[in-house]
Amino acid sequence: MFSSNILRTVRLASVVLLPVVFAAACEELESGPVIAPELQEMDADNVMFGMTHNMTRDGIREALVEADTAYSWQDSTGVDLRNVRLVVFDENGGERAVVTALAGHLNPRNRQMFAQGNVILTVYEGDRTIESEELNYDPDANRIWSDQPTVMREGNRIIEGTGFDSDAEFTNVRVRNGRTRGGVRF
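Cut-offs and rules
- Residues numbered from 1 in each chain as written.
- Predicted model: local features only at pLDDT ≥ 70, side-chain atom pairs only at ≥ 80, totals over all residues.
- Heavy atoms only, no water.
- Salt bridge = Lys/Arg side-chain N within 4 Å of Asp/Glu carboxyl O.
- Buried < 20%, exposed > 50% of the residue type's maximum accessible area, 1.4 Å probe, protein only.
- Phe/Tyr/Trp six-rings, centres within 6.5 Å; stacked < 30°, edge-to-face > 60°.
- Lys NZ or Arg CZ within 6 Å of the ring centre and 35° of its normal.
- Helix = DSSP H or I, 4+ residues; strand = E, 2+ residues; numbered from the N terminus.
- Contact = heavy atoms within 4.5 Å.

Caption draft 1: Inspection of the pattern of salt bridges at higher detail. One pass over the structure, following the stated rule, counts 13 salt bridges. The salt bridge partner of Arg174 is Asp165, with a shortest N-O separation of 3.3 Å. On the basis of relative accessible area, Arg174 is assigned to the partly exposed category, the value being 47%. Overall, Asp165 belongs to the buried group, its relative accessible area being 15%. When salt bridges that share partners are traced, they join Arg143, Asp147, Asp165, Arg174 and Arg176 into one network.

Structure, rendered in structure tokens:
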């Protein structure tokens, strides 16, 4: 008899206390952070990881933008990017050039892009690389340029200048105030 009273008391306590314990546990889970503290401190409305964006004109892909992380805001047309890779395609869909940078800004509406921080532009035709701290890309103006000091390597030739201008096909590349060092490669 004594043990049945204890069992009844334990069952009654379980029925009464179990929902309270579950409610407390659920409440504790709901109040905890959903994301890392450093992401909570960001003022961006949207954060995307592993972003890929195709840039097209008349249904033909002109470029592909990839970034480790992209930040956007409701009141802005631009997207800030981290660890950026831009692939520029030719009219046949082949890769014409690749840009890598630590950061960038993309305006999806006008397809303009700004890259900065250890920017390296590799042009496949002509074995050419262009290095600068920033690069601008405007496909509607058919223009790629930098207003920062630039180093262009073409085979064994090195040209250093105050910036550069190029069309998107890289047929007319000009290093501003260029100084050439032929045969030296570093």
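Okay, back to it.
Caption draft 2: Representation of the packing of aromatic side chains. Overall, the coordinates contain 0 aromatic pairs when judged by the stated rule. Over the ring of Trp145 we find Arg143; its NZ or CZ atom is 3.9 Å from the centre of that ring.

Caption draft 3: Layout of unusual backbone geometry. Positive phi, close to 45°, is recorded for Asp127, a residue that is not glycine. Assignment of secondary structure puts Asp127 in the loop between β5 (112–123) and β6 (128–138). One non-glycine residue with positive phi stands out, namely Asn177, at about 50°. Within the secondary structure layout, Asn177 lies in the loop between β11 (173–176) and β12 (179–181). Look at Asn177 and you get exposed, because its relative accessible area is 57%.

Caption draft 4: Spatial organisation of the environment of Arg85. Tracing the backbone shows Arg85 in strand β3 (residues 79–89). Between the C-alpha atom of Arg85 and that of Ala103, which follows or precedes it by 18 residues, the distance is 9.4 Å. Not counting residues within four places of it along the chain, the set of residues in contact with Arg85 comprises Leu64, Val65, Glu66, Glu95, Val98, Val99 and Thr100.

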